[in-house]
Amino acid sequence: MVQERLDNGEKPLFDAYNILHVFCRSLQLDVIYCQATLIAKISSLYIRVEEYNTKECKLVIAYWLEGGGGGGGGSGGSGGQQQSQQQQKQFRSRKQIHHYRFTIYGDKTDPHSTLRVKHHPSGSELPKLDQSFSLQRLLNETILFRCRERLLQAQNLLERSQPKPAKITRSGHCLLSLTCPLILTEECITAEALIISVNTFFGTVNCRVETLGRRDEINELEKQLNAASPSIKIIVNLLDRLRILILMERLQRAIVGLQVNKLNDNQALSLANKLTTLPKDRSIFQFIREDQFYLVNYEIF
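All chains use their own residue numbering, which begins from 1 and follows the written sequence. Only residues with pLDDT of 70 or above have their local features reported here, since the model is predicted, and side-chain atom pairs are shown and tallied only from 80 upward, although totals for entire chains, interfaces and linings are computed over all residues. For side-chain calculations, the full set of non-hydrogen atoms in the structure is used, while hydrogens and water are omitted.

Colleague: Can you explain the environment of I195? Please cite residues and give values.
Modeller: Checked against the element boundaries, I195 lands in strand β7 (residues 194–198). Spatially, the C-alpha atoms of I195 and T179 are 4.8 Å apart, while their sequence positions differ by 16 residues. Leaving out residues up to four positions away in the same chain, I195 has contacts with L178, T179, N206, C207 and R208. In DSSP terms, a helix is any run of H or I states spanning at least four residues, a strand is any run of E spanning at least two, and both are numbered starting from the N terminus. Residue contacts are counted whenever heavy atoms from the two residues lie within 4.5 Å of one another.

Shown next as structure tokens:
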């Protein structure tokens, strides 16, 4: 084709350049596609190629996938064709599901340009392809940007849910995390603070309070911070609940060595039935030497 344009074209050098440029651009896209398939083999839930169109010079890659799936290897004949059609339908449906993706394409309006990147959701500070055409670099920088973006969203929600004295701090350079103090009457130690980070593989917001471990309240808080429409009221209630749990955990550590026994729910049932006004967040202790006396501790916010 190049030789034909050189022999018969009106602008032979110009035409030959355009053909070679388009050809090289398609090779660059093919190299990036090969990189994507290798990365997807390492973890099929990390990224997925949603579309690869050589005629349109277009490659769509989704990341932070919400679920697994995907077809197996192809087969010959009509069965392979049907499977290919099913995969194309899955690509189209997944393209609507996956919120985070980017498109690497050749700009038809500028035939002299190199490959370009279009991110969804868009952003002016999102990375572009460099001269190395490294998909791993593009993916890493994009995900780090998205992690910071998710943390800023979480910080905004927490600031709206926290009392004014609560100061949320950020730490780290590449991988950021948020530290949200829960005990506001004194300096909050790290073990009793709410630490929030983002999972780089799945884009989910993770919460932890070291002194509490995994609790249902922490799991529910993660759901709210990951929800499309989180409820400020629910987040406020969950933060208050975490404060109560921290104070109760402090009490558990403080009574070690004292002459009291902590009663479980069954042991304290008869006494709890008499004290119907007590909240559910309570601790009942029985004195060892004088077992007719009890110490009842409860928290009210």
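Colleague: Lay out the packing of helix α4 (residues 135–161) against helix α6 (residues 232–254) in plain terms, naming residues and giving numbers.
Modeller: As a packed pair, α4 and α6 sit with axes 9 Å apart at the nearest point and diverge in direction by 75°. The orientation of α4 with respect to α6, classified from their angle, is roughly perpendicular. Contacts between α4 and α6 involve L157, L158, R160 and S161 on the former and, on the latter, I232, I235, V236 and L239. Gly counts as polar in this scheme, as do all residues outside two lists: the nonpolar Ala, Val, Leu, Ile, Met, Phe, Trp, Tyr, Cys and Pro, and the charged Asp, Glu, Lys and Arg. Classifying every residue of the contact of α4 with α6 by side-chain character gives six nonpolar, one polar and one charged. Every axis corresponds to a line fitted to the C-alpha atoms, with the helix fit spanning only the stretch in contact, and the corresponding angles, defined between N-to-C directions, vary from 0 to 180 degrees. In this scheme, roughly parallel covers angles under 35 degrees and roughly antiparallel covers those over 145, while 65 to 115 is roughly perpendicular and the rest are oblique.

Colleague: Residues and numbers for the packing of aromatic side chains, please.
Modeller: Only rings of Phe, Tyr and Trp enter the pairing, Trp through its six-membered ring, and a pair is recorded when the two centres are within 6.5 Å. The plane angle decides the type: under 30 degrees is stacked, over 60 is edge-to-face, the rest tilted. According to the stated counting rule, one finds seven aromatic pairs in the structure shown. Ring geometry for W64 and Y100: centres 5.0 Å apart, planes at 75°, overall edge-to-face. Taken together, the residues span a long stretch of sequence, with W64 in the loop between β2 (58–63) and α3 (77–97) and Y100 in the loop between α3 and β3 (101–105) at a distance of 36 residues. In this pair, the class of W64 matches that of Y100, namely buried. Between F201 and F202, the aromatic rings sit 6.5 Å apart at their centres with planes inclined by 45°, giving tilted as the arrangement. Each residue is assigned to one of three classes by its accessible area relative to the maximum for its type, calculated with a 1.4 Å probe on protein chains only: buried under 20%, partly exposed between the two thresholds, exposed over 50%. The class for F201 is partly exposed, based on a relative accessible area of 42%. Judged by its relative accessible area of 38%, F202 is partly exposed. Here the aromatic cluster, defined as three or more aromatic residues joined through ring pairs, consists of Y63, W64, Y100 and F102.

Colleague: Describe the sheet that holds β2, naming the residues involved and giving the relevant values.
Modeller: Spatially, the four strands line up as an open sheet ordered β1-β2-β3-β4, and their pairing is antiparallel. Of all the strands in the sheet, the pair left with one neighbour each is β1 (47–53) and β4 (116–120). In this sheet, adjacent strand axes meet at a mean angle of 20° when their direction is disregarded. Judged from the five bridges that link them, β3 and β4 form a sheet pairing that is antiparallel. Residue pairing in the sheet places T103 in a bridge with K118 of β4. Any two strands with at least two DSSP-identified bridges between them are counted as paired.

Colleague: Before we move on, could you go through the pattern of salt bridges and cite the residues and values that matter?
Modeller: When a carboxyl oxygen of Asp or Glu lies within 4 Å of a side-chain nitrogen of Lys or Arg, that pair is called a salt bridge. According to the stated counting rule, one finds twelve salt bridges in the structure shown. A salt bridge links R116 to D110; the shortest N-O distance between them is 3.2 Å. Judged by relative accessible area, which is 32%, R116 ranks as partly exposed. Among the ionic contacts, a cluster of salt bridges with common partners joins D107, D110 and R116.

Colleague: Tell me what's going on with the packing of helix α5 (residues 216–226) against α6, and back it up with residues and numbers.
Modeller: Relative orientation of the contacting elements α5 and α6 amounts to 155°, with a least axis distance of 10 Å. By the criterion of interaxial angle, the relationship of α5 to α6 is roughly antiparallel. When the axes of α5 and α6 are compared, the crossing they make is left-handed. Where α5 abuts α6, its residues E217, I218, E220, L221, Q224 and L225 lie against I234, I235, L238, L239, R241, L242 and L245. Class assignment for the residues of the contact of α5 with α6 results in nine nonpolar, one polar and three charged. Throughout, a crossing is termed right-handed when the near helix is turned clockwise from the far one, and left-handed when it is turned anticlockwise from it by less than a right angle.

Colleague: Account for the pairing of strand β8 (residues 205–208), with residues named and values stated.
Modeller: Residues V205 and C207 of β8 are buried on one face, while the alternating residues N206 and R208, pointing to the opposite face, are not. By the bridge criterion, four bridges tie β7 to β8 in an arrangement that is antiparallel. Bridge assignment links I196 to a residue of β8, and that residue is C207.

Colleague: Pulling in residues and values, what's your account of the nonpolar core?
Modeller: Nonpolar side chains in soluble globular proteins tend to end up buried together. We call a set of buried residues a nonpolar core when its members are Ala, Val, Leu, Ile, Met, Phe, Trp, Tyr or Cys and they connect through side-chain atoms within 4.5 Å of each other. Core analysis: the biggest nonpolar cluster contains 51 residues, and I47, F102, I104, L135, L194, I196 and L221 have the highest contact counts within it. Here this core gets nine residues from one element, more than from any other, and that element is α4. Leaving out residues up to four positions away in the same chain, L194 has contacts with L158, L178, T179, C180, L182, C207, R208, V209, L221 and L239.

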